[in-house]
Amino acid sequence: MHLLRLLVVAVLAFMGCSAAAQPGAVMGDGHVAIPGPNGITLRALLLPAQSGEPGVPVLAFHGCGGLGRADRPIRLPARERDWATRLTALGHPVLFVDSYGSRGRREACEGGSRGVEPETVRRADALAAANWASGQPWAEPGGVVLLGWAHGGSAVISAAAPPLPEGAIRGVIAFYPGCNRLLQDAPEWQAAVPLLMLLGEADDWMAARYCQRLAGRAPNNVDVVVYPGAHHGFDAANAPLRERMGLAGTSRGGGVATTGTDPAARADSLRRVPEFIAGLRPVGG
């Protein structure tokens, strides 16, 4: 039985490597392999618009919790599933890009980024995925929208700065990102495309004040919304407030942070995100 289990694992790994060796190939159930930076192949999950027609694509970038184990199909957390359902119903194809699983990693909440930093590696993932997705038949011409949560929010904010692939990105949305490293290490940071930041005033994991300061560098191209009393993860559906411990780094310190739904902030973000996307102008062409 042990030998049989090893054989099955080996066959599955071979199949995964074969699929990943063909960027752009559909691997079933919406899974695709796309060309990433520095020769890496990124695994991703494509959810087409419910209309079946091309639409403005939304490229979604996970938080530090990742999208499941690297040796299994992508698994969307409840927050991501909820947003995907809403966005595809509005006519947007949604592509979830797995920065961790593509590199054999599962999460970064407790272990830290460890070589998959949002400002560098994940920024490169976002730009490569945007360049690829903007030319797909399910994508309406005029560029994609980048959407990220927390660690992924930091990645898409980094990807909003030039240089950008020509005509590939029309706008960026970041939920409760961490902006402190950009604030310190990128004094020339500017948003080259419209950027919407959605922040929680009571976020003690990734403090809103750093993003507010960063936004001050590009006041004409950045919209910042700070929700009073809202904690990290305020847009999740029915997530009770709780303390998380053992985290790699938090604004509160001690590896502790509070997360959970804020009904008012969630309701506003559910309205604001589609309105922001609808108001974006196509680029390039």
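Nothing here was measured: the structure is a model prediction, and the numbers come from that model.

Rules behind the numbers
Residues numbered from 1 in each chain as written. Predicted model: local features only at pLDDT ≥ 70, side-chain atom pairs only at ≥ 80, totals over all residues. Heavy atoms only, no water. Core = buried A, V, L, I, M, F, W, Y, C linked by side-chain atoms within 4.5 Å. Buried < 20%, exposed > 50% of the residue type's maximum accessible area, 1.4 Å probe, protein only. Helix = DSSP H or I, 4+ residues; strand = E, 2+ residues; numbered from the N terminus. Contact = heavy atoms within 4.5 Å. Patch = residues over 30% accessible without salt bridge, like charges linked within 9 Å, V, L, I, M, F, W, Y side chains within 5 Å. Areas by Shrake-Rupley, 256 points an atom, 1.4 Å probe, with all protein chains shown as cover. Salt bridge = Lys/Arg side-chain N within 4 Å of Asp/Glu carboxyl O. Lys, Arg positive; Asp, Glu negative; His and termini not counted. Charge placed at Lys NZ, Arg CZ, Asp CG, Glu CD. Pairing = 2+ DSSP bridges. Right-handed = clockwise from strand over helix to strand, strands pointing away. Disulfide = S-S within 2.5 Å. Axes fitted to C-alpha atoms, helices over the stretch in contact; angles between N-to-C directions. Parallel < 35°, antiparallel > 145°, perpendicular 65-115°, else oblique. Left-handed = near helix turned anticlockwise from the far one by under 90°. Nonpolar A, V, L, I, M, F, W, Y, C, P; charged D, E, K, R; others polar. Phe/Tyr/Trp six-rings, centres within 6.5 Å; stacked < 30°, edge-to-face > 60°. Lys NZ or Arg CZ within 6 Å of the ring centre and 35° of its normal.

Peer 1: How should the nonpolar core be read in this particular structure?
Peer 2: When a protein is soluble and globular, its nonpolar side chains tend to lie buried together. Ranked by size, the top nonpolar core spans 43 residues in total, and within it Leu-59, Leu-95, Leu-146, Ile-157, Ile-169, Trp-189 and Met-197 carry the most contacts. With 6 residues, the single largest contributor to this core is helix H3 (residues 121-133). Contacts of Ile-157, omitting those with residues within four sequence positions, involve Val-172, Ala-174, Pro-177, Cys-179, Leu-182, Trp-189, Leu-195, Met-197 and Leu-214.

Peer 1: Just to check I follow, could you spell out a positive patch on the surface for this structure?
Peer 2: Together, Arg-72, Arg-75, Arg-81 and Arg-106 make up a region of like positive charge exposed at the surface. By the element assignment, Arg-72 lies in the loop between strand E4 (58-61) and helix H2 (78-89). The exposure class of Arg-72 is partly exposed, given its relative accessible area of 48%.

Peer 1: What exactly am I supposed to notice about the pairing of strand E7 (residues 169-175) here?
Peer 2: Put simply, side chains in a regular strand alternate between the two faces of the sheet. Most of E7 is tucked away, with 7 of its 7 residues classed as buried. Bridge count between strand E6 (residues 144-149) and E7: 6 bridges; the pairing is parallel. Bridge pairing in E7 links Val-145 to Gly-171. Running through helix H4 (residues 151-159), the crossover from E6 to the neighbouring parallel element E7 is right-handed. Judged from the 4 bridges that link them, E7 and strand E8 (residues 195-200) form a sheet pairing that is parallel. Opposite Phe-175, over in E8, you have Leu-198 as the bridge partner. In this fold, E7 hands off to helix H5 (residues 180-185), which returns the chain to E8; that crossover is right-handed.

Peer 1: Help me understand the state of the cysteines in this model?
Peer 2: Going through the model one piece at a time under the given rule, you end up with 2 disulfides. Note that Cys-64 is cross-linked by a disulfide to Cys-109, the S-S spacing being 1.9 Å. Disulfide Cys-64 to Cys-109: torsion about the S-S bond roughly 90°, handedness right-handed. Taken together, the residues span a long stretch of sequence, with Cys-64 in the loop between E4 and H2 and Cys-109 in the loop between strand E5 (94-98) and H3 at a distance of 45 residues. What makes Cys-109 buried here is its relative accessible area of 6%. A sulfur-sulfur separation of 2.0 Å characterises the disulfide bridge that pairs Cys-179 with Cys-211.

Peer 1: Would you take a moment to explain the pairing of E4 for this structure?
Peer 2: Burial along E4 is two-sided: Val-58 and Ala-60 facing one way and Leu-59 and Phe-61 facing the other are all buried. The parallel pair E4 and E5 is bridged by H2, and the resulting crossover is right-handed. When E4 meets E6, the two strands line up parallel, connected through 4 bridges. Residue pairing across strands places Leu-59 opposite Leu-146, the latter belonging to E6.

Peer 1: Looking at this model, I keep getting lost on the packing of H2 against helix H7 (residues 263-278). Mind explaining?
Peer 2: How two helices sit against one another is set out by the angle between their axes and by the gap between those axes. For the pair H2 and H7, interaxial distance at closest approach is 12 Å and the crossing angle is 45°. For the element pair H2 / H7, the angle class is oblique. The hand of the H2/H7 crossing is right-handed. Of H7, the residues touching H2 (which contributes Asp-82, Trp-83, Arg-86 and Leu-87) are Arg-266, Ser-269, Leu-270, Val-273 and Ile-277. Considered class by class, the residues forming the contact of H2 with H7 number 5 nonpolar, 1 polar and 3 charged.

Peer 1: Looking at this model, I keep getting lost on the packing of aromatic side chains. Mind explaining?
Peer 2: Remark: the centre distance and the inter-plane angle together describe each pair of aromatic rings, the angle taken between the planes. One pass over the full model with this rule turns up 7 aromatic pairs. Judged by centre distance (5.2 Å) and plane angle (80°), the rings of Tyr-176 and Phe-234 are edge-to-face. With Tyr-176 in the loop between E7 and H5 and Phe-234 in the loop between strand E9 (222-227) and strand E10 (242-244), this residue pair connects regions lying 58 residues apart in the sequence. Phe-234 matches Tyr-176 in its accessibility class, with the two residues each being buried. The rings of Trp-83, Trp-149, Phe-175, Tyr-176, Tyr-227 and Phe-234 are connected pair by pair, giving a single aromatic cluster. Sitting over the ring of Tyr-100, Arg-105 keeps its end group 5.8 Å from the ring centre.

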